[in-house]
Amino acid sequence: MNRLRDFYEFVRQGDFLLLLLCCAASIYGIILISSASSYQGNLRYVAVQAAALVIGIILYFLFSRTDIEAATEKWKWMLIFNVVFIASLAVLGTDAGTGNKSWIRFNFLPIGIQPAEIVKITFILLLARQMSELQNEGISKTGSIARLLLHLGFMCGLIMGVSGDAGMVVVHVFIFFAMAFAAGVKLRWFLIGGGGVAGIFALLWSFTPLIKD
C-alpha cells in the first residue's frame, strides 16, 4: 500500500508534460529514420532508436527519484568519472570514419557508447553545483567567471585532446552558456565570450587547412 502511495505521489509531482514532449520528438525521429532506411529493408536503426527511447523512459523515472542535491555532494567522484570515462577513449575509442575517436564499440553489442554524451549529465550537475556555490560570492565577478571558465576549458580540452570531437566541444560550450545565462551571469560576459569564440574560430579557419576542407 505504501509503495502504491509513493508511486502515486511520484506520478502526481512528476513533469509528465516534459516526458510526453520528449517521447513525441523521439517517436517522430524514429518515423523519419524508418522512412529514410525503408528502402534497405533493414530495421536495425529503427530498433536501436526504439530501444533508446525505452531506456530513456526508464532513466527518466530513475533520475526523477534521485535526490540530485545529495548526489552532487559526491562531486569529486563525478569529476573523476568524467576524466576517466573520457580518457578511456585514448585506449578504447574507435574512428568510424568521422575523423575522431569519440565512440567505444564492442563486437558483442549492436550499439556503441559515446562517453562525451553520457558525461554531459555529470558535467551539468557539476556546473550547477559550482554556480550555486558561486552565487554567494557574486557569480558575475571576475574570479567566479574565471573558475567557471577553468571548469569548461578543462572539460573541452580533455574531450578535444583525447577524442578530437570538436562537435561535442561545441555542445558543451552551448550548455555552459545556457546555464550561465540561467544562473544570472551579466550580459557583458556573454558579449566578451561571444567575441572570444568568434576570434578563436577565425584563427582556426585561417591556420587549420583541415577545417577548410
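What you see is a predicted model; the values in this text were computed from it and never measured.

Visitor: Requested: an account of the pattern of salt bridges, with residues and values cited.
Guide: Where charged atoms from two side chains of opposite charge approach closely, those side chains can pair. A complete count under the given rule lists four salt bridges for this structure. When the shortest N-O distance is used, the salt bridge between Arg129 and Glu133 registers 3.2 Å. In this pair, Arg129 and Glu133 are both assigned in helix α7 (residues 115–134), four residues apart and thus about one turn of the helix distant. The salt bridge involving Arg147 is made with Glu137; its shortest N-O contact spans 2.5 Å. Within this pair, whereas Arg147 is found in helix α8 (residues 142–163), its partner Glu137 is found in the loop between α7 and α8, the two being separated by ten residues in sequence. According to the relative accessible area criterion, Glu137 is partly exposed, its value standing at 40%.

Visitor: Requested: an account of the environment of Gln114, with residues and values cited.
Guide: Structurally, Gln114 can be placed in the loop between β2 (103–104) and α7. Taking the relative accessible area as the measure of exposure, Gln114 reaches 13% and is therefore buried. Each C-alpha atom, one on Gln114 and one on Ser102, is 5.9 Å from the other, the two residues being twelve residues apart in sequence. What Gln114 contacts, discounting residues up to four positions off in sequence, is Ser102, Trp103, Asp165 and Met168. One polar contact links Gln114 to Asp165, side chain to side chain, over a distance of 3.4 Å.

Calculation criteria
Residues numbered from 1 in each chain as written. Predicted model: local features only at pLDDT ≥ 70, side-chain atom pairs only at ≥ 80, totals over all residues. Heavy atoms only, no water. Salt bridge = Lys/Arg side-chain N within 4 Å of Asp/Glu carboxyl O. Helix = DSSP H or I, 4+ residues; strand = E, 2+ residues; numbered from the N terminus. Buried < 20%, exposed > 50% of the residue type's maximum accessible area, 1.4 Å probe, protein only. Contact = heavy atoms within 4.5 Å. Polar contact = N/O pair within 3.5 Å; in protein donor to acceptor, adjacent residues only side chain to side chain.

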